[in-house]
Amino acid sequence: MNDLVVVGAGPIGLAIAWRCAARGMAVEVVDDGQRGAWHASAGMLGPVAEAYFGEAALTAFLVESVRRWPAFAAELGAEEIGYRAEGTLVVALTGDDLAEAERLRTYQAGLGLPITSLRPAELRDREPLLSPRVRGGAYAPGDHQVNPRRLIPALRRAATAAGVTIVREPRPARLTVVAAGTGSAALTGLPVRPVKGQILRLRAPGHQPPGFSHVIRGYADGRHIYLVPRLDGEVVVGATVEERADAHVTAGGVVELLRAAADLVPEINEYELAEAIAGHRPGTPDNAPLIGRLSEGVIVATGHYRHGIVLTPLTADLVADLVEMGVPDPMLGPFAPGRFA
Ligand code: GLY
């Protein structure tokens with residue numbers, strides 16, 4: 001008999017299994033063979049640029065998880081998983097975009113988060129490829145990135161090396177952790193819904209590193225996008241946010257993302273369009289995750305919405321503590337799975 005079965009082989013499920021096995025438990029992970037939200041995800045670790053009005057508890061949770069990211073990345077091999085710490089530039093195209101970006105930056109700075117305004121010349125000093133049209137922006141040095149398509153194989157290796165078995169059909173276990181992303185709703189009845197995101201992957205000519213190194217959070221004529229440059233020449237451009245369960249890539253979605261990206265960084269017009277896909281974020285009614293005990297023998301760690309990659313280290317540590325000690329860490333208070341009952 002297992003001590004623990006983890007349902008879900010995405011970053012959250014694998015990291016929980018890894019942490020629990022490292023504490024001496026017998027652990028199986030159930031992998032249904034489907035690629036989850038991680039496959040579409042850009043891998044921004046951005047608690048500052050993602051901090052939004054009215055989500056202070058979630059922001060504090062994101063900040064704590066990002067604090068744990070450097071050590072977590074080092075355990076897996078930081079270079080291997082594409083961990084980079086250049087920080088994020090917020091870039092606004094028009095005067096209206098700048099007013100919107102500044103309103104959010106003022107809120108973020110008011111929470112004590114490290115983000116400073118930059119004038120257009122200061123933005124272009126950092127990234128000369130930015131369009132001469134940009135009206136201003138900001139810099140968040142604490143926001144980093146990782147490549148989720150490298151993270152998952154690294155987590156599988158680490159978990160397996162710690163003794164985890166990855167299976168289709170699990171043996172009985174004392175305890176089950178449900179970490180199945182959008183699939184968690186059918187397994188638990190919890191209010192987790194798919195929020196579609198269309199996302200593009202471009203390639204710089206010759207597969208050279210792109211001509212910019214910061215993650216760029218762009219506001220362009222009212223459209224919100226991000227560009228995530230990778231050393232292997234890839235640039236991820238995301239993402240739409242749609243209350244839909246289908247996985248179609250639409251002409252409108254691609255046009256919206258590319259137009260905004262090229263308005264901010266005109267050079268990307270020369271890049272190859274390598275991939276256009278849609279994924280589904282596991283959304284919840286308050287945009288915050290569901291982490292904790294659901295019933296006797298069942299713990300959930302799901303509903304991470306836009307923040308699954310960022311929240312992987314902290315979720316794994318706190319769920320491993322809960323499994324081992326039986327009581328939830330106070331940090332989990334705002335994220336109790338029963339809060340919508
Ligand atoms: N975290 C970015 C997104 O969900 O699009």
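Quantities reported herein were computed from a predicted structural model and do not represent experimental measurements.

Calculation criteria
Within every chain, residues take consecutive numbers counted from 1 along the sequence as written. Thresholds applied to this predicted model are a pLDDT of at least 70 for local features of residues and 80 or more for the giving and counting of side-chain atom pairs; totals over whole chains, interfaces and linings are not thresholded and use all residues. Excluding hydrogens and water, the side-chain figures rest on all heavy atoms present in the structure. Paired strands, in this sense, are two strands between which DSSP finds at least two bridges. For the purposes of this entry, the term helix denotes a DSSP run of H or I that reaches at least four residues, the term strand denotes a run of E that reaches at least two, and both are numbered from the N terminus. All axes here are fitted lines through C-alpha atoms, helices being fitted over the stretch that makes contact, and every angle between N-to-C directions spans 0 to 180 degrees. Residues are labelled near a given molecule or strand when at least one of their non-hydrogen atoms is within 4 Å of it. Counted as a polar contact is a pair of N or O atoms within 3.5 Å, where, for protein atoms, one must be capable of donating a hydrogen and the other of accepting one, and residues adjacent in sequence contribute only when both atoms are in side chains. In this description, accessible areas are obtained by the Shrake-Rupley approach with a 1.4 Å probe, and a residue is regarded as covered only by the protein chains that are shown. Polar here means any residue other than Ala, Val, Leu, Ile, Met, Phe, Trp, Tyr, Cys and Pro, which are nonpolar, and Asp, Glu, Lys and Arg, which are charged; Gly is therefore polar. Note that the term roughly parallel is reserved for angles under 35 degrees, roughly antiparallel for angles over 145, roughly perpendicular for angles of 65 to 115, and oblique for everything else. Two residues form a contact once any of their heavy atoms are found within 4.5 Å. We define a nonpolar core as any set of buried Ala, Val, Leu, Ile, Met, Phe, Trp, Tyr and Cys residues linked to one another through side-chain atoms lying within 4.5 Å. Accessibility here uses a 1.4 Å probe with only protein chains present; expressed as a share of the type maximum, an area under 20% marks a residue as buried, one over 50% as exposed, and anything in between as partly exposed. Here is the rule for handedness: rotate from the far helix to the near one, and if that takes an anticlockwise turn smaller than a right angle the crossing is left-handed, while a clockwise turn gives right-handed.

1. Regarding the sheet that holds strand β6 (residues 136-140)
Pairing is mixed in the open sheet, where eight strands are placed in the order β5-β6-β4-β11-β12-β13-β10-β14. Two strands bound the open sheet, and with one partner strand each, they are β5 (116-118) and β14 (272-283). For this sheet, the mean angle separating the axes of adjacent strands, direction not counted, is 25 degrees. With five bridges joining them, strand β4 (residues 88-92) and strand β11 (residues 215-220) adopt parallel strand pairing.

2. A closer look at the site of the ligand
Residues in contact with the ligand, as listed here, are Met44, Glu50, Tyr226, Ala239, Arg281 and Arg306. The contact in question runs from an oxygen atom of the ligand to an N or O atom on the side chain of tyrosine 226, over 2.6 Å. Relative to its unbound accessible area of 200 Å², the ligand is 87% covered by the protein chains. Each residue belonging to the shell around the ligand can be placed in one class, and the counts come to three nonpolar, no polar and three charged.

3. Focus on the packing of helix α2 (residues 56-76) against helix α8 (residues 312-325)
The interhelical angle for the contact between α2 and α8, taken along N-to-C directions, is 95 degrees, at an axis separation of 7 Å. In terms of axis orientation, α2 runs roughly perpendicular to α8. Facing Phe61, Glu64, Ser65, Arg68, Trp69 and Phe72 of α2, the residues of α8 in contact are Thr312, Pro313, Leu314, Asp317 and Leu318. Here the contact of α2 with α8 is built from residues that sort into six nonpolar, two polar and three charged.

4. Notes on the nonpolar core
In this structure, Val6, Ile16, Val27, Trp69, Leu76, Ile81 and Val323 are the most contacted members of the largest nonpolar core, which totals 53 residues. In this structure tryptophan 69 touches Leu45, Ile81, Tyr83, Val146, Leu151, Ile309, Val310 and Pro313, once residues within four positions along its chain are discounted. In this structure, Leu93, Ala220, Leu227 and Leu264 belong to the second largest nonpolar core, which totals 27 residues.

5. A short note on the packing of α2 against helix α5 (residues 148-161)
Where α2 contacts α5, the axes come no closer than 10 Å and their chain directions differ by 70 degrees. Taken together, the axes of α2 and α5 are roughly perpendicular relative to one another. Judged by the sense of rotation from one axis to the other, the crossing of α2 with α5 is left-handed. Seen from α2, the contacting residues are Trp69, Phe72 and Leu76; seen from α5, they are Leu151, Ala154, Leu155 and Ala158. Of the residues assigned to the contact of α2 with α5, the class counts are seven nonpolar, no polar and no charged.

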